[in-house]
Amino acid sequence: MRESIGNVVFFTTYEISRYHLLSAVGRILDKPFNAVPVSGELATLANKRTYSRILFEAGVDIFSGGLAGMMFWSAVLPLDVAKTRIQTSVDLKSSTNTLRNTQLIYRELGFRGLYAGLGPTLTRAFPANAAAMVTWELTAKILGVRHYEK
């Protein structure tokens, strides 16, 4: 259940953020060089459309992947906290129902109890998912499974 909910949130966030960011980057790169608000080496790179698209797409993939990972854990952390409680329970008669345990945690500890460990989880989620998604996108492009955005 946790993975189903989380993956819907993850891939929805990833694809929507990637689409909108690539659209914005495309509008910037398609303008004449004078209209691009950059300077120095970045301006030179932005003028070379092929390389700049690859670079900017990688940046978009990093950001979108990291954001999607953070949204995944924000959505499923209460279920993960309940799962951890079930796995670490010494009482063999305690409920193994995830939703029931989620309700118990909320009654005992409130909303904060459901999001115990959110800070470290999100801190780990951004770089881990950013690296995974940029690697997946680049590999798919190298293998010809996915094409560079136009």
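Residues numbered from 1 in each chain as written. Predicted model: local features only at pLDDT ≥ 70, side-chain atom pairs only at ≥ 80, totals over all residues. Heavy atoms only, no water.

Draft legend 1. The arrangement of the packing of aromatic side chains in detail. Tallied over the entire structure, the rule returns 5 aromatic pairs. A ring pair is formed by phenylalanine 10 and phenylalanine 11, whose centres lie 4.9 Å apart and whose planes are at 80°; its orientation type is edge-to-face. A relative accessible area of 6% places phenylalanine 10 in the buried class. Judged by relative accessible area, which is 41%, phenylalanine 11 ranks as partly exposed. A centroid spacing of 5.1 Å and a plane angle of 75° characterise the contact between phenylalanine 72 and tryptophan 73, whose relative ring orientation is edge-to-face. (Phe/Tyr/Trp six-rings, centres within 6.5 Å; stacked < 30°, edge-to-face > 60°. Buried < 20%, exposed > 50% of the residue type's maximum accessible area, 1.4 Å probe, protein only.)

Draft legend 2. Local environment of the pattern of salt bridges. Inspection of the entire model under this criterion finds 7 salt bridges. Through salt bridges that share partners, Arg18, Glu57, Asp61, Glu137 and Lys141 make up one connected network. (Salt bridge = Lys/Arg side-chain N within 4 Å of Asp/Glu carboxyl O.)

Draft legend 3. Seen up close, helix H4 (residues 98-114). The terminal C-alpha atoms of H4, which comprises 17 residues, lie only 12 Å apart, well short of the 24 Å expected from a rise of 1.5 Å per residue. Glutamate 108 marks the point of greatest bend in H4, at about 105°. Looking at where H4 begins, the residue whose side-chain oxygen comes 2.8 Å from the main-chain nitrogen of leucine 99 is asparagine 97. (Helix = DSSP H or I, 4+ residues; strand = E, 2+ residues; numbered from the N terminus. Expected span 1.5 Å × (residues − 1). Bend = angle between axes of the 7 residues up to and from the residue. Polar contact = N/O pair within 3.5 Å; in protein donor to acceptor, adjacent residues only side chain to side chain.)

Draft legend 4. Highlighting helix H5 (residues 118-142). Here H5 contains 25 residues, and its C-alpha end-to-end distance of 36 Å stays within 8% of the 36 Å for a straight helix at 1.5 Å per residue. Inspection of H5 places Thr121, Leu122, Ala125, Asn129, Ala130, Met133, Val134, Glu137, Ala140 and Lys141 among the buried residues, and these make up the whole buried set. Downstream of H5 by a residue or two, glycine 144 has a phi angle that is positive, lying close to 80°.

Draft legend 5. Quick look at the environment of leucine 67. Position of leucine 67 relative to the elements: it lies in helix H3 (residues 49-88). Look at leucine 67 and you get partly exposed, because its relative accessible area is 28%. As a C-alpha pair, leucine 67 and phenylalanine 10 span 57 residues in sequence and 8.5 Å in three-dimensional space. In this structure leucine 67 touches Thr13, Ser17 and Phe126, once residues within four positions along its chain are discounted. (Contact = heavy atoms within 4.5 Å.)

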